[in-house]
Amino acid sequence: MTTKIDVRALQKELNKEFGDALLFGDDPGLVPQFIPTGIDNLDAALEGGIQKGQIILVVGKFASAKSTFALRVVACAQRQGDTAAWIDGERALDQKWAARNGVNLKDLLYTKPRTAEQAFDIARALIEAGVGVVVIDSLVSLVPAARLNAEKGMDQKFMGQKAQLINEGLGLLNSCLVEKTTAVICINQLREKVGVVYGNPEFIPGGKGQEFIASTLIRTMRKGWIDEGTDKAKKHVGFVLGLKVEKSRNSEPFRYVEVPFRFFGDEIFDTEAALYSRAIDLDIIHKKGAIYTIPGIAPAVKLIGLAKLQAYLDSEPEIFEAVRIAVRDADSGSPDD
């Protein structure tokens with residue numbers, strides 16, 4: 001015979017011992033809070049954006065916009081009133097580039113830790129203080145304190161020590177995030193093993209533990225150059241940035257989005273171009289040859305060429321907003337009531 005438990009009385013009794021640690025599943029404190037990335041199709045893939053109270057791992061090969069993506073999240077966090085911090089293990093933060101991405105440098109907490117232990121201690125203090133977003137750039141650049149004074153020829157020993165330190169540090173930060181609303185963005189590199197013939201040679205340095213601890217894993221990748229000029233004087237002005245959500249505890253995993261990334265101009269991420277591309281993929285904007293139509297939103301419109309489509313949507317903010325909402329609802333699978 002099953003004994004029925006008075007769950008309310010049990011909660012009250014146990015919380016006397018554990019300090020209000022026991023909640024019910026519908027507690028308002030469990031409702032997720034998000035920081036938007038400013039990239040609508042990625043926010044839709046993440047079903048809200050970067051979730052607070054979690055560790056987000058951003059990985060990619062060199063020059064694949066990992067740090068720039070994190071700067072954009074920092075700028076979005078600051079715009080919604082959150083405090084942001086940047087732990088610069090690589091000593092590579094470009095103030096001008098950060099400002100171009102919308103970061104308010106006057107309010108950005110910044111540090112260059114000498115050791116990995118110091119980096120994690122600072123991150124823990126920032127979480128306890130209630131900072132909205134903390135970026136660690138990057139995990140693999142952090143050096144254990146013991147390595148600074150070690151003798152030469154001991155690299156193999158310290159490779160294992162670094163992985164252990166990263167995993168322990170992230171586990172400690174994860175524990176600190178209980179009842180906190182800080183988003184911790186950890187940037188790491190994507191490298192390749194030497195001599196691998198079969199299978200994927202790519203790996204994330206610093207041990208496998210970081211992939212398990214992180215609630216979200218986003219991979220950045222270059223998917224083709226954006227060029228300007230004639231064939232004789234052609235130059236790279238950007239590339240198509242691919243963003244793959246390889247792990248997510250808050251949304252459907254393995255979603256993939258693209259956004260044009262430009263080195264010059266006011267808009268580094270061409271979010272409007274990404275929106276048009278996604279709307280065409282979803283057939284919200286119908287493309288037949290060079291002719292574009294918007295059935296269901298602007299059925300009488302027939303535009304020849306992508307430039308005409310962009311010009312039309314730029315001049316019709318209500319139509320543009322309707323397209324944006326339709327794309328968001330299609331990606332999230334939950335249209336507005």
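The rules behind each value
- Residues numbered from 1 in each chain as written.
- Predicted model: local features only at pLDDT ≥ 70, side-chain atom pairs only at ≥ 80, totals over all residues.
- Heavy atoms only, no water.
- Pairing = 2+ DSSP bridges.
- Helix = DSSP H or I, 4+ residues; strand = E, 2+ residues; numbered from the N terminus.
- Axes fitted to C-alpha atoms, helices over the stretch in contact; angles between N-to-C directions.
- Contact = heavy atoms within 4.5 Å.
- Phe/Tyr/Trp six-rings, centres within 6.5 Å; stacked < 30°, edge-to-face > 60°.
- Buried < 20%, exposed > 50% of the residue type's maximum accessible area, 1.4 Å probe, protein only.
- Lys NZ or Arg CZ within 6 Å of the ring centre and 35° of its normal.

Q: Is there a simple way to think about the sheet that holds strand β11 (residues 235-248) in this case?
A: Sheets are built from strands that pair by backbone hydrogen bonding, the pairs being arranged parallel or antiparallel. Read across the open sheet, the eight strands follow the order β5-β4-β6-β7-β3-β10-β11-β12; overall the sheet is mixed. Bordering the open sheet on either side are β5 (108-111) and β12 (255-262), each of which pairs with just one other strand. Within the sheet, the average angular offset between the axes of one strand and its neighbour, ignoring direction, is 20°. Bridge analysis of strand β3 (residues 55-60) against strand β7 (residues 183-189) gives six bridges, and the strand direction is parallel. Each bridged residue has a counterpart across the sheet, and for I56 the counterpart in β7 is I185. Lying over the sheet, helix α5 (residues 116-129) contacts β4 (84-88), β5, β6 (133-137) and β7, oriented at roughly 175° with respect to β4.

Q: Please explain the sheet that holds strand β14 (residues 291-294) as it appears in this structure.
A: On the basis of which strands lie adjacent, the open sheet formed by three strands has the order β13-β14-β15 and antiparallel pairing. Two strands close off the open sheet at either side, each with one partner strand: β13 (286-288) and β15 (298-304). Across the sheet, the axes of successive neighbouring strands diverge by a mean angle of 20°, strand direction being ignored. Across four bridges, β14 lies against β15 in antiparallel orientation. Its bridge partner lying in β15, T293 is registered against K302. Contacting β14 and β15, helix α10 (residues 306-315) runs over the sheet at an angle of about 135° to β15.

Q: What exactly am I supposed to notice about the packing of aromatic side chains here?
A: Working definition: an aromatic ring pair is given by the centre-to-centre distance plus the angle between the planes. Taken as a whole and assessed by the stated rule, the structure comprises eight aromatic pairs. Note on W225 and F239: the rings are 6.0 Å apart at their centroids and 90° apart in plane angle, and the pair reads as edge-to-face. Of this pair, W225 sits in strand β10 (residues 216-228) while F239 sits in strand β11; the two residues are 14 residues apart in sequence, bridging distant segments of the chain. A relative accessible area of 43% means that W225 is categorised as partly exposed. Owing to a relative accessible area of 2%, F239 belongs among the buried residues under this scheme. Among the aromatic side chains, those forming a connected cluster through ring pairs are W97, W225, F239, F261, F263, F264 and F269. In this structure, R8 packs its charged tip against the face of F24, placed 4.1 Å from the ring centre. Positioned above the aromatic ring of F264, the side-chain terminus of K235 is 5.2 Å from the ring centre.

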